[in-house]
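# Structural features, examined
So the chains spell out like this:
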There are 2 protein chains.
Amino acid sequence: MEIPSKYLSKAVEEIASLPGIGKKSALRIALHLLRQPAKDTEQLSKSLVELVTIAKSCIICHNVSDEEICPICADSRRNKAQICVVEDIRDVMAIESTGTYSGVYHVLGGLISPMEGISPADLNISTLIKKLEESTVSEVIFALSPTLEGDTTNFYLFKKLQSFGVFVSTLSRGIAVGSELHYADELTLGRSLQHRQPFSLQQK
Amino acid sequence: MEIPSKYLSKAVEEIASLPGIGKKSALRIALHLLRQPAKDTEQLSKSLVELVTIAKSCIICHNVSDEEICPICADSRRNKAQICVVEDIRDVMAIESTGTYSGVYHVLGGLISPMEGISPADLNISTLIKKLEESTVSEVIFALSPTLEGDTTNFYLFKKLQSFGVFVSTLSRGIAVGSELHYADELTLGRSLQHRQPFSLQQK
């Protein structure tokens, strides 16, 4: 399948390099761009360049931010002694949208993955250790995905944090709220039974 | 789910406006851009702008081209009296990759769709009629998708072409090569039976 224009071919190649977009989708997107006014594509391009050149990483928690310090770290009402460790900013957004957390975050920027060549040195781990050395932290919450990479990262971080005597917690695993019991996988159901909690009438 | 940076938010909105990309995929792509060197994103943006500002539409067949006339229309070995009508350039590429067609194309740039508000006036139909008026065309092949929109467009074009007395053909419908009979839908199987062809040992 040969593309009849070198500019189209180049654009398709660039679009297909983005995560989750194959060559066929890239061609569909490129044809869509050709059909819409050139002004719209120029606007899209401008937004992408502005994103990577202007948006910053918060110097405290590595969350994406327009300022040096992100709105969460800058908020005096947030409990700075409680740090929730997450993989990327999508997790910050997911937890923020629950409206149940008043501590701060620490964005690792990935998970340890020998398969993908991601080592602890590639992640924002040293700045987390520094926080523990320099300020009073009462609790570190591991909120990483329950995958092999997430568990590896939890284990590595736990070893690193042990010497500080800080309380380390992790998100509870169990049956999702509103889901049917018999659809849960055995591992989740097993853990959920092991970690069963005292019943309460006020339970949410 | 609130995005903590207005540049990120703007970029996600722009990316999500592309076909086939939802808000979650857009965020994933934006975070990927933030992680890679800014130079790569600038290159991507440049390709997109070059595509929409430099790549042209062939003045004869409306295929995408870097020149005024696309390589197919410019090729003296192609039979200019045989015109294959397609929806967009992906179809040109698909037919070209079969290596079995030596005529030329006419790219409509869409299909008639009252649902999406696409009328005949939005498509490259007048230039097709002009070709028939100004030159000798022996055959027009309808190679549009077998959908409601495709059939509507076929019908509209057929009415328009009737007065020219040109031979109009359409792609054969039937069982796909290599597919199992019992997986074919009833409509396809039914048509395939109606339009059965004389058996030949040389049949490909």
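Conventions used here
- Positions within a chain are numbered from 1, following the residues in the order the chain's sequence is written.
- A letter from A marks each chain and a number from 1 marks each ligand, given out in the order of writing.
- Local features in this predicted model are restricted to residues of pLDDT 70 or higher, and side-chain atom pairs are both shown and tallied only at a pLDDT of 80 or more, whereas totals for entire chains, interfaces and linings draw on every residue.
- Under the scheme used here, helices are H or I runs from DSSP no shorter than 4 residues and strands are E runs no shorter than 2 residues, and both carry numbers assigned from the N terminus.
- C-alpha atoms define the radius of gyration in this analysis, and the globule rule sets the expected value at 2.2 Å times the number of residues to the power 0.38.
- Partly exposed residues are those whose C-beta has more than 12 but fewer than 20 other C-beta atoms within 10 Å; with 20 or more the residue is buried, with 12 or fewer it is exposed, and the C-beta atoms are placed from the backbone.
- Once C-beta atoms are placed from the backbone, any two residues with those atoms within 7 Å are in contact.
- DSSP calls a pair of strands paired once it identifies at least 2 bridges connecting them.
- A fitted line through C-alpha atoms represents every axis, and for helices the fit uses only the stretch in contact; the resulting angles, taken between N-to-C directions, go from 0 to 180 degrees.
- Here the limits of each domain have been adopted from an automatic or database domain assignment.
- Copies overlap after least-squares fitting; the atoms used are the C-alpha atoms of residues with pLDDT of at least 70 in both.
- For a crossover, the right-handed case is the one in which the path from the first strand over the helix to the second runs clockwise, viewed with the strands pointing away from the viewer.

Along its length, chain A carries eight helices and six strands. For chain A, the C-alpha radius of gyration of 22 Å lies well beyond 17 Å, the compact-globule estimate for 204 residues. Summarising its shape, the C-alpha atoms of chain A cover approximately 65 × 45 × 35 Å along the three principal directions. Across the 204 residues of chain A, 27% fall into the buried class. Taking the contacts inside chain A whose residues are at least 6 apart along the sequence as the reference set, 41% of them involve residues at least 24 apart.

The strands that make up a sheet are held in pairs by hydrogen bonds between backbone atoms, and each pair lies either parallel or antiparallel. Residues and elements named next belong to chain B. In space, the four strands of this open sheet follow the order β4-β3-β5-β6, with parallel pairing throughout. Looking at the sheet topology across the chains shown, the edges are occupied by β4 (103–107) and β6 (167–170). Each adjacent strand pair in this sheet contributes to an overall mean axis angle of 25 degrees, direction not counted. Of the pairings in the sheet, the one linking strand β3 (residues 79–86) to β4 comprises five bridges and is parallel in character. In the sheet register, V85 faces β4, and the bridge partner there is H106.

Domains assigned within chain A are domain 1 (6–54) and domain 2 (57–170). Spacing between the C-alpha centres of domain 1 of chain A and domain 2 of chain A amounts to 33 Å.

Both copies of the chain are tied together by a single rotation about an axis and a shift running along it. The two copies are related by a screw motion: chain A maps onto chain B through a turn of 180 degrees and a shift of 0.1 Å along the axis, at an RMSD of 0.2 Å. Such a combination of rotation and displacement between the chain copies is what one expects of a two-fold axis. When C-alpha distances to the rotation axis are compared across chain A, the minimum falls at S45(A), with a value of 2.3 Å. Taken as a fraction of all interface residues of chain A, those also at the interface in chain B reach 100%, which identifies the copy contact as same-surface.

Residues and elements named next belong to chain A. As for the winding sense of the linkage, the β-α-β connection from strand β3 (residues 79–86) through helix α5 (residues 89–96) to strand β4 (residues 103–107) is right-handed. Where β3 meets strand β5 (residues 139–142), four bridges bridge the pair, whose relative direction is parallel. Note that in β5 the partner of V85 across the bridge is F142.

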